[in-house]
There are 2 protein chains.
Amino acid sequence: MAGTDRRKGASAGGTAAAPVVVLVQPQLGQNIGAAARAMLNCGLEALRLVAPRDGWPNEYAVAAASGADRVLDRAELFGDTEKAVGDLQVVYATTARERYMVKPVLTARAAAEDMRRKIAEGLRVGVLFGPERMGMVNDDLALADALIRIPLNPGFSSLNLAQSVLIVAYEWFQSADATPGREERFGQSEPAGKEALLNFFRMLEHELDECGFLRNVEKRPSMVRNIRNMFQRAGLTEQELRTLHGMIANLTDWRAGTDELGEPVRRRRLRKAKTES
Amino acid sequence: MAGTDRRKGASAGGTAAAPVVVLVQPQLGQNIGAAARAMLNCGLEALRLVAPRDGWPNEYAVAAASGADRVLDRAELFGDTEKAVGDLQVVYATTARERYMVKPVLTARAAAEDMRRKIAEGLRVGVLFGPERMGMVNDDLALADALIRIPLNPGFSSLNLAQSVLIVAYEWFQSADATPGREERFGQSEPAGKEALLNFFRMLEHELDECGFLRNVEKRPSMVRNIRNMFQRAGLTEQELRTLHGMIANLTDWRAGTDELGEPVRRRRLRKAKTES
């Protein structure tokens, strides 16, 4: 059941069957921490750092990780990129610019699917991210089997390091996530059955007849259909139908009677008055 | 050609046919700036701010926007969320937590497709993002037609505000982006034709025969096939074939002759020696 295990691994943040993230010469500790947070958000835990500029460990990284400490605590430190990828079998490198290298270029989405396939085959996979601003040197890009380019606004495509990590990690997580695109939520209730809905319609139409809103006999059928369509479209729950029943009952209280001065009196007030008298 | 216009709008960062991003009570200017940057990365330019905690404009926002100034410059300020959504026709709200609301819940990906459809119908669409940490109050969520929930590691799902904006904006951009998932790149050259490849194989096999590497007659056919497969798999370009020809020619220089002591001499050195003598 390799498939089941992999999915479980991804959801639970397992590292056994997930790509390693390699940050090449990252500059700001803050970006390393934000990258670690984005990784853990998406179930990735294996982080490698190649010659971080400000040394390691780094307190700014811890602050920015916002609780993704276990990614930072287990981060592995390397002196150069070659050593950092030595035990990997498939390496991807993210790049924003066109480099005249003879290499496949994948979108982040296609790369995630590609990584899933490689990992399903039991291969050890990693993704390289270059330093802030400069991006990766060509010698490091040459270590990769494929490049990842994130499709973005060509007029403003420069992503922050942690944002790049987030997109790649996000696509990794989505590629095995089974959440349906759209779920209807009914709170604590259930969608109303048609009989209950029709009961409400009949009650409403009775009250609208009583108050004269539907007095135009010719237009009545189409008005009724329009009103029914409106409420039908709302996809009401049983609880919401009870609320609507209550609303209409209260709104029509005035029909119950008039007081001694001939003014309309609410049923409830009338009942109360009767009880008191 | 509504479809074409929309795609163009998204790629060029147009706002006419794109969702409005509404940040409800954002706290840190830095997050507003990073959100603006993420928006422009993905071709979104219309930003609305509801009661930003530290006032507006905000110098930290400008610094974090890293050049996405035109999003900040045109940001609209509102006193409350109701006013901010007043002219919109379809509103989505991002939320990390389950709220017992009777409302559809969409993934970021499905929401992007939904927004494309609504905008194609000419509707004015917006997405609400709540304040850092607390998320949105239920009264603001009630303004939304649908909720957006980003599928993430359930054990660590809290995204930074700008990261949430990035994911929603990224999915928006991807939903109309036509970049092929995988593109093969051949640098300045072209993939080698089979005839050129076979020429190389014949040259290589000739040299391997000469040096004795293929001397085992029985194994020779399978060795030749394995070697051909190896190079075939690399998907070589014409330029790369020329490089390989040159490599083999240089590596086989020694075959040309021996010097006066009987040691092998490289052809080039031999030629040079002959010229000099």
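Residues numbered from 1 in each chain as written. Chains lettered and ligands numbered in written order. Predicted model: local features only at pLDDT ≥ 70, side-chain atom pairs only at ≥ 80, totals over all residues. Heavy atoms only, no water.

**Quick notes on the packing of aromatic side chains**
Here is step 1 of the chain: Enumeration over the complete set of coordinates arrives at five aromatic pairs over all chains.
Here is step 2 of the chain: With a centroid separation of 6.1 Å and 50° between ring planes, the pair formed by Phe200 of chain B and Phe201 of chain B is classed as tilted. Of the two residues, Phe200 of chain B and Phe201 of chain B, neither departs from the other in class, the shared state being buried.
Here is step 3 of the chain: Three or more aromatic residues joined by ring pairs form one cluster here, namely Phe200, Phe201 and Phe231 of chain A.
Here is step 4 of the chain: Over the ring of Trp172 of chain A we find Arg116 of chain A, and its NZ or CZ is 3.4 Å from the ring centre. (Phe/Tyr/Trp six-rings, centres within 6.5 Å; stacked < 30°, edge-to-face > 60°. Buried < 20%, exposed > 50% of the residue type's maximum accessible area, 1.4 Å probe, protein only. Lys NZ or Arg CZ within 6 Å of the ring centre and 35° of its normal.)

**Concerning the pairing of strand S1 (residues 20–24) of chain B**
One face of the sheet, then the other: side chains in a regular strand alternate in exactly this way.
Residues and elements named next belong to chain B.
Here is step 1 of the chain: Counting buried positions along S1 yields five of five residues, so the element is predominantly enclosed.
Here is step 2 of the chain: Burial of the side chains of S1 extends over both faces: Val20, Val22 and Val24 are buried on one face and Val21 and Leu23 on the other.
Here is step 3 of the chain: With four bridges connecting them, S1 and strand S6 (residues 125–129) associate as parallel partners. Across the sheet, the residue bridging to Leu23 is Phe129, located in S6.
Here is step 4 of the chain: Pairing between S1 and strand S2 (residues 47–50): four bridges, direction parallel. Looking at S2, one finds that Leu23 is bridged to Leu49.
Here is step 5 of the chain: For the crossover that starts at S1, traverses helix H2 (residues 29–41) and ends in the parallel S2, the hand is right-handed. (Helix = DSSP H or I, 4+ residues; strand = E, 2+ residues; numbered from the N terminus. Pairing = 2+ DSSP bridges. Right-handed = clockwise from strand over helix to strand, strands pointing away.)

**Focus: the sheet that holds strand S7 (residues 146–148) of chain B**
Here is step 1 of the chain: Across the sheet, eight strands lie side by side as S8(A)-S5(B)-S7(B)-S4(B)-S6(B)-S1(B)-S2(B)-S3(B); this open sheet has mixed pairing. One side of each edge strand has no neighbouring strand; the edge strands of this open sheet are strand S8 (182–184) of chain A together with strand S3 (76–78) of chain B. Geometrically, the sheet is characterised by an average inter-axis angle of 25° between neighbouring strands, direction not taken into account.
Here is step 2 of the chain: Two elements, strand S4 (residues 90–94) of chain B and S6 of chain B, share four bridges in a ladder whose sense is parallel. Bridging from a neighbouring strand, Tyr92 of chain B pairs with Val127 of chain B of S6 of chain B.
Here is step 3 of the chain: Against the sheet, helix H6 (residues 108–120) of chain B engages S8 of chain A together with S4, strand S5 (104–106), S6 and S7 of chain B, with an angle of about 165° to S4 of chain B. (Axes fitted to C-alpha atoms, helices over the stretch in contact; angles between N-to-C directions. Contact = heavy atoms within 4.5 Å.)

**Digging into the interface of chain B and chain A**
Accessible area lost on assembly of the parts is the figure often given for the size of an interface.
Here is step 1 of the chain: With 60 residues of chain B at the contact, the number on the chain A side is 59 residues.
Here is step 2 of the chain: Between Glu183 of chain B and Arg149 of chain A there is a salt bridge; the shortest N-O distance is 3.3 Å.
Here is step 3 of the chain: On the surface where chain B and chain A come into contact, there are 24 residue pairs in polar contact (both at pLDDT 80 or more).
Here is step 4 of the chain: Those elements that provide at least two residues to the side of chain B that touches chain A are H2, S5, H6, helix H8 (161–174) and strand S8 (182–184) of chain B.
Here is step 5 of the chain: With eight residues, H8 of chain B is the largest single contributor of residues to the side of chain B that touches chain A.
Here is step 6 of the chain: Here strand S5 (residues 104–106) of chain A runs beside S8 of chain B; their pairing, made up of three bridges, is antiparallel. Bridging across to S8 of chain B, Pro104 of chain A finds its partner in Glu184 of chain B. (Salt bridge = Lys/Arg side-chain N within 4 Å of Asp/Glu carboxyl O. Polar contact = N/O pair within 3.5 Å; in protein donor to acceptor, adjacent residues only side chain to side chain.)

**Here we look at the relation of the copies chain B and chain A**
Here is step 1 of the chain: Superposing chain B onto chain A takes a rotation of 180° plus a shift of 0.0 Å along the axis, which leaves an RMSD of 0.1 Å. This pairing of chains is accounted for by a two-fold axis.
Here is step 2 of the chain: Same-surface contact between copies: 98% of interface residues of chain B are shared with the interface of chain A. (Least-squares fit on C-alpha atoms with pLDDT ≥ 70 in both.)

**Quick notes on the pattern of salt bridges**
Here is step 1 of the chain: Under the criterion given, the structure shown has 28 salt bridges over all chains.
Here is step 2 of the chain: Asp80 of chain A serves as the salt-bridge partner of Lys83 of chain A, at 3.0 Å between the closest nitrogen and oxygen.
Here is step 3 of the chain: Its salt-bridge partner being Arg117 of chain A, residue Asp114 of chain A comes within 3.0 Å of it at the nearest N-O pair. Pair noted here: Asp114 of chain A and Arg117 of chain A are both in helix H6 (residues 108–120), with a separation of three residues, about one helical turn.
Here is step 4 of the chain: Under the relative-accessibility criterion, Arg117 of chain A is labelled partly exposed at 47%.
Here is step 5 of the chain: Salt bridges here are not isolated pairs; linked through shared partners, they connect Arg109 and Glu171 of chain A together with Arg109 and Glu171 of chain B.

**Thoughts on the sheet that holds strand S7 (residues 146–148) of chain A**
Here is step 1 of the chain: Read from one edge of the open sheet, eight strands run S3(A)-S2(A)-S1(A)-S6(A)-S4(A)-S7(A)-S5(A)-S8(B), paired in mixed fashion. Here the strands that pair on one side only, and so sit at the sheet edges, are strand S3 (76–78) of chain A together with S8 of chain B. Direction aside, the axes of adjacent strands within the sheet are offset by 25° on average.
Here is step 2 of the chain: Both strand S2 (residues 47–50) of chain A and S3 of chain A contribute to a ladder of three bridges, which runs parallel. Across the sheet, Leu49 of chain A pairs through a bridge with Leu77 of chain A, a residue of S3 of chain A.
Here is step 3 of the chain: Of the strands in this sheet, strand S4 (90–94), S5, strand S6 (125–129) and S7 of chain A together with S8 of chain B touch H6 of chain A, which is tilted by about 165° from S4 of chain A.
Here is step 4 of the chain: Relative to the sheet, helix H8 (residues 161–174) of chain A contacts strand S1 (20–24), S4, S6 and S7 of chain A, its axis offset from that of S6 of chain A by approximately 155°.

**Quick notes on unusual backbone geometry**
Residues and elements named next belong to chain A.
Here is step 1 of the chain: Look at the link from Trp56 to Pro57: it is a cis peptide, with omega at 0°.
Here is step 2 of the chain: One non-glycine residue, Ala51, adopts positive backbone phi at about 45°.
Here is step 3 of the chain: Structurally, the position occupied by Ala51 is in the loop between S2 and helix H3 (59–65).

**Quick look at the confidence of the model for chain A**
All names here are of chain A.
Here is step 1 of the chain: Summary statistics for chain A give a mean pLDDT of 88 and a share of 85% for residues scoring 70 or more.
Here is step 2 of the chain: Contacts of residues 1–15 to residues separated by more than four positions or lying in other chains number 21 contacts, the stretch itself having pLDDT below 50.
Here is step 3 of the chain: Model confidence for the complex: the whole-complex pTM is 0.86, and ipTM, which rates the interface, is 0.86. (pLDDT = per-residue confidence, 0-100.)

**Some remarks on the packing of helix H9 (residues 194–211) of chain B against helix H11 (residues 238–251) of chain B**
All names here are of chain B.
Here is step 1 of the chain: Relative to each other, H9 and H11 sit at 15°, their axes nearing to 11 Å. Relative to H11, H9 is oriented roughly parallel. The two elements H9 and H11 meet at a crossing, and its hand is left-handed. The segment H9 lies against H11, with Ala196, Leu197, Asn199, Phe200, Met203, Leu204 and Glu207 engaging Leu241, Leu244, His245 and Ile248.
Here is step 2 of the chain: A class-by-class count of the residues in the contact of H9 with H11 yields eight nonpolar, two polar and one charged. (Parallel < 35°, antiparallel > 145°, perpendicular 65-115°, else oblique. Left-handed = near helix turned anticlockwise from the far one by under 90°. Nonpolar A, V, L, I, M, F, W, Y, C, P; charged D, E, K, R; others polar.)

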